[in-house]
Amino acid sequence: MIFGTTATKSALNTAFHPLHVSTTDVNYNGKDKKFEVICTIFTDDFEAVLSKQYKVKVDLTEPKVHDAMDKLVSDYVAHHVQLKNNAATTKFNYLGFEKVKEVVNVYLESDTAPAPKRVDGNINLLYDMYDDQMNIVHITVNGNRKTTKVDYPQTQVSQTF
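The rules behind these values
Per chain, residues are indexed from 1 in the order of the written sequence. For a predicted model such as this one, the threshold for reporting local features is a pLDDT of at least 70, and the threshold for listing and counting side-chain atom pairs is 80 or more; totals across whole chains, interfaces and linings nevertheless cover every residue. Excluding hydrogens and water, the side-chain values take into account all heavy atoms of the structure. Definitions used throughout: a 1 Å grid over protein atoms alone; a cavity as a set of points that fits a 1.4 Å probe which cannot get out; a pocket as an open set with protein on both sides within 12 Å along at least five of seven lines; a lining residue as one with an atom within 4 Å of a point. Grid points are joined across faces, edges and corners, and a volume is the space filled by probe spheres set on the points. Counting from the N terminus, the helices are DSSP H or I runs at least four residues long and the strands are E runs at least two residues long. Nonpolar residues are Ala, Val, Leu, Ile, Met, Phe, Trp, Tyr, Cys and Pro. Charged residues are Asp, Glu, Lys and Arg, and all others, Gly as well, are polar. Classification of ring pairs uses Phe, Tyr and Trp, with its six-membered ring standing for Trp, and accepts pairs whose centres are within 6.5 Å; under 30 degrees between planes counts as stacked, over 60 as edge-to-face, and the remaining range as tilted. With a 1.4 Å probe rolled over the protein chains alone, any residue whose accessible area is under 20% of its type maximum counts as buried; one over 50% counts as exposed, and the rest are partly exposed. Only when the NZ atom of a Lys or the CZ atom of an Arg is both within 6 Å of the ring centre and within 35 degrees of the ring normal do we say a charge sits over the ring. For two strands to count as paired, DSSP must find a minimum of two bridges between them. Working convention: axes come from line fits to C-alpha atoms, limited for helices to the stretch in contact. Angles between N-to-C directions cover 0 to 180 degrees. When checking whether two residues touch, look at their non-hydrogen atoms; a contact exists if any pair is within 4.5 Å.

### Observations regarding the layout of surface pockets
Link 1 in the chain: Of the pockets and cavities examined, the largest pocket occupies roughly 150 Å³.
Link 2 in the chain: Elements with a contribution of two residues or more to the lining of the largest pocket: α3 (66-80), β3 (81-85), β4 (88-90) and β5 (92-100).
Link 3 in the chain: Here the lining of the largest pocket is built from residues that sort into seven nonpolar, four polar and no charged.

Spelled out as structure tokens, the structure:
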């Protein structure tokens, strides 16, 4: 039994974690004048949401389909992670993703941007899959790190520096 329910054999054979959480690390690199973002998402959850969203078989671990998966990951993250710097929308360039143990890291970088006084975000990773999803958002500017926990259905993050 898992949490008081009878588990099927297939459920016991899959990776199970009772917590649906992701992290989004936003760092303003003052030297390059760019935002660098890393979204960290459990691989099984990310594959499930991508499969549901795009109605295709998703495998973020298989090198042979990495290019096809890049397109899905890029599109999904572009729609679920938006930031404003000093009230101006920040455009991100997708750099890629990699699987690290049980998670996938997705890398983004902005074009050059002025030093932020205020960063606002709309973060809703995996909300279209889990109604208990939690997103931890770290925003760092000039070494000053501020963290916000965003629980479903909340999406808004705002930090002043």
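After presenting the structure, the write-up continues.
### Remarks on the packing of aromatic side chains
Both the distance between ring centres and the angle between the ring planes are used here to describe each pair of aromatic rings.
Link 1 in the chain: Taken as a whole, this structure holds three aromatic pairs when the rule is applied.
Link 2 in the chain: Ring geometry for Y28 against F35: centres 5.1 Å apart, planes inclined by 65°, an arrangement best described as edge-to-face.
Link 3 in the chain: You can call Y28 buried: its relative accessible area is 6%.
Link 4 in the chain: Pairing Y127 with Y152 gives two aromatic rings, centres 5.2 Å apart and planes at 75°, and the pair type is edge-to-face. Remark: Y152 occurs in the loop between β9 (144-151) and β10 (156-160) and Y127 occurs in the loop between β7 (118-123) and β8 (134-141); sequence separation between them is 25 residues.
Link 5 in the chain: What makes Y127 buried here is its relative accessible area of 12%.
Link 6 in the chain: For the cation-ring pair, K146 lies above F161, with the distance from its terminal atom to the ring centre recorded as 5.0 Å.

### Some details on the sheet that holds β3
Link 1 in the chain: Read from one edge of the open sheet, four strands run β4-β3-β7-β10, paired in antiparallel fashion. Looking at which strands have only one partner, the edges of the open sheet turn out to be β4 and β10. Along the sheet, successive strands turn relative to each other by an average axial angle of 25°, direction set aside.
Link 2 in the chain: As judged from the five bridges shared by β3 and β7, these two strands associate in the antiparallel manner. Of the residues in β7, the one forming a bridge with N85 is V119.
Link 3 in the chain: Taken strand by strand, α3 contacts β3 and β7, and its axis lies near 50° from that of β3.

### Things to note about the sheet that holds β5
By way of backbone hydrogen bonds, the strands of a sheet pair with one another, either parallel or antiparallel.
Link 1 in the chain: The six strands lie next to each other as β5-β6-β2-β1-β8-β9, forming an open sheet whose pairing is mixed. Bordering the open sheet on either side are β5 and β9, each of which pairs with just one other strand. For this sheet the average axis-to-axis angle between neighbouring strands, irrespective of direction, equals 15°.
Link 2 in the chain: Direction of pairing for strand β1 (residues 21-29) relative to β8: parallel, over a ladder of eight bridges.

### Focus on unusual backbone geometry
Link 1 in the chain: Residue Y152 is joined to P153 through a cis peptide bond whose omega torsion reads 5°.
Link 2 in the chain: Relative to the assigned elements, P153 resides in the loop between β9 and β10.
Link 3 in the chain: Non-glycine residue K55 carries a positive phi angle of around 55°.
Link 4 in the chain: Tracing the backbone shows K55 in the loop between α2 (43-54) and α3.
Link 5 in the chain: Positive phi values are uncommon outside glycine, yet N142 reaches one of about 50°.
Link 6 in the chain: Within the fold, N142 resides in the loop between β8 and β9.

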